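Structural characterization, general
Spelled out from the first residue to the last, the chains are:
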Amino acid sequence: MALTRRIYQFLGIAAPVFLAAAPASSEPVEWRIDQVGSEIRFDYQLWGDPRTGTFRRFGGRARLDPDDPAKADLVLRIASRSVDLGSRLYSSLATSSEWFNAKQHPQVVYRLQSLAPMEDGGYWSIGTVTIRGVTRRVETEMTLLTTANHFTASGTLTLDRRPFGLGVGIGEIFVDVADEVAVSFVVLARREGG
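So, here is what we can say about the structure in this document. (Residues numbered from 1 in each chain as written. Predicted model: local features only at pLDDT ≥ 70, side-chain atom pairs only at ≥ 80, totals over all residues. Heavy atoms only, no water.)

So, about the overall build of the protein chain. Scanning the protein chain for helices and strands turns up two helices and ten strands. Counting from the amino terminus, helix and strand elements in the protein chain follow one another as α-β-β-β-β-β-α-β-β-β-β-β. Sequence separation of 24 or more characterises 64% of the internal contacts of the protein chain that already satisfy a separation of 6 or more. When the accessible surface of the protein chain is split by element, carbon and sulfur atoms take 53% of a total near 10300 Å². (Helix = DSSP H or I, 4+ residues; strand = E, 2+ residues; numbered from the N terminus. Contact = heavy atoms within 4.5 Å. Areas by Shrake-Rupley, 256 points an atom, 1.4 Å probe, with all protein chains shown as cover.)

This paragraph deals with unusual backbone geometry. Most peptide bonds take the trans form, and the phi angle of most residues other than glycine is negative. A positive phi is found at tryptophan 47, a non-glycine position, where the angle reads about 55°. Residue position: tryptophan 47 is located in the loop between β1 (29–46) and β2 (49–55). You can call tryptophan 47 partly exposed: its relative accessible area is 46%. With a phi close to 50°, asparagine 101 is a non-glycine residue in the positive phi region. (Buried < 20%, exposed > 50% of the residue type's maximum accessible area, 1.4 Å probe, protein only.)

A separate point is the environment of threonine 156. For threonine 156, the position within the fold is in strand β9 (residues 150–160). Threonine 156 gets classed as buried once you look at its relative accessible area, which sits at 2%. When the C-alpha positions of threonine 156 and isoleucine 40 are compared, they lie 9.8 Å apart, and in sequence the two are 116 residues distant.

The next thing to look at is the pairing of strand β8 (residues 134–146). The sheet contact formed by strand β7 (residues 123–131) and β8 spans nine bridges and is antiparallel. Across the sheet, the residue bridging to isoleucine 131 is valine 134, located in β8. Two successive antiparallel strands, β7 and β8, enclose a turn made up of two residues, where arginine 132 displays a positive phi of approximately 55°. As paired elements, β8 and β9 share five bridges and run antiparallel to each other. Of the residues in β9, the one forming a bridge with threonine 143 is serine 154. In textbook terms, the turn of a hairpin is the stretch between consecutive antiparallel strands, and for β8 and β9 this stretch comprises three residues. (Pairing = 2+ DSSP bridges.)

On to the side chain of aspartate 43. With respect to the helices, strands and loops of the structure, aspartate 43 is situated in strand β1. Overall, the relative accessible area of 12% leaves aspartate 43 in the buried class. Reaching out from aspartate 43, the side chain makes a polar contact with the side chain of arginine 41 at a distance of 3.0 Å. A distance of 2.9 Å separates the side chain of aspartate 43 from the side chain of threonine 52, its partner in a polar contact. (Polar contact = N/O pair within 3.5 Å; in protein donor to acceptor, adjacent residues only side chain to side chain.)

We now examine the nonpolar core. Generally speaking, nonpolar side chains in soluble globular proteins are found buried as a group. Membership of the largest hydrophobic core comes to 42 residues, with the highest contact counts inside it found for Ile40, Phe42, Leu76, Phe100, Tyr110, Ile131 and Phe151. The set of elements that each furnish at least two residues to this core consists of β1, β3 (58–64), β4 (73–79), β6 (107–117), β7, β8, β9 and β10 (180–191). When residues of this core are assigned to their parent elements, the largest contribution, seven residues, is made by β1. Those residues in contact with phenylalanine 151, other than ones at most four positions away along the chain, are Trp31, Ala62, Leu64, Leu74, Leu144, Leu145, Thr146, Val187, Leu188 and Ala189. (Core = buried A, V, L, I, M, F, W, Y, C linked by side-chain atoms within 4.5 Å.)

Here we take up the packing of aromatic side chains. By the definition in use, this model includes four aromatic pairs. When the centroid spacing of 5.5 Å and the interplanar angle of 50° are considered together, the rings of phenylalanine 42 and phenylalanine 55 count as tilted. Placement of phenylalanine 42 in strand β1 and of phenylalanine 55 in strand β2 is noted, with a sequence separation of 13 residues between them. Both rings, one in phenylalanine 55 and one in phenylalanine 100, keep their centres 5.6 Å apart while their planes meet at 80°; by these two values the pair is edge-to-face. (Phe/Tyr/Trp six-rings, centres within 6.5 Å; stacked < 30°, edge-to-face > 60°.)

Below, the structure written as structure tokens:
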């Protein structure tokens, strides 16, 4: 928990979590993720130096009742080939067979399983991430702001790249990448038909 809060501070994501008032809803509403208003980035270390990467293409849908966010259902699909490390060479290596293996595994998929209310009014999210066909459970604090026609979810989680097979192979001899990667996200979703 302390590590999560430190990462929030490092990335400039506000730790206070809040839920804005929204009109009453009798059942979950369909939402579409807006890539333009969203961001998925990750911070990692290469030869001990801090680096940042992003994903340029992603999308998905969610079902969320603004009056009962704990029952939210969300699937986020990220195009593996859209990874951007700020260098054409590094980005190309990241999509290779030793890393995301974008040919065989074109998507990274996040599935939200539950949102548990926290004392400060925020949520503790539990979900899964699938990378290179390997699925792992992930948990993190999540900021959730809802209005009548859109919601924004943001947070940070730390992933160990090795269980997913990212960068595990002969290439490790030539590239020194730290095992832990801090992934931060700001996901904007718009109400369908809104």
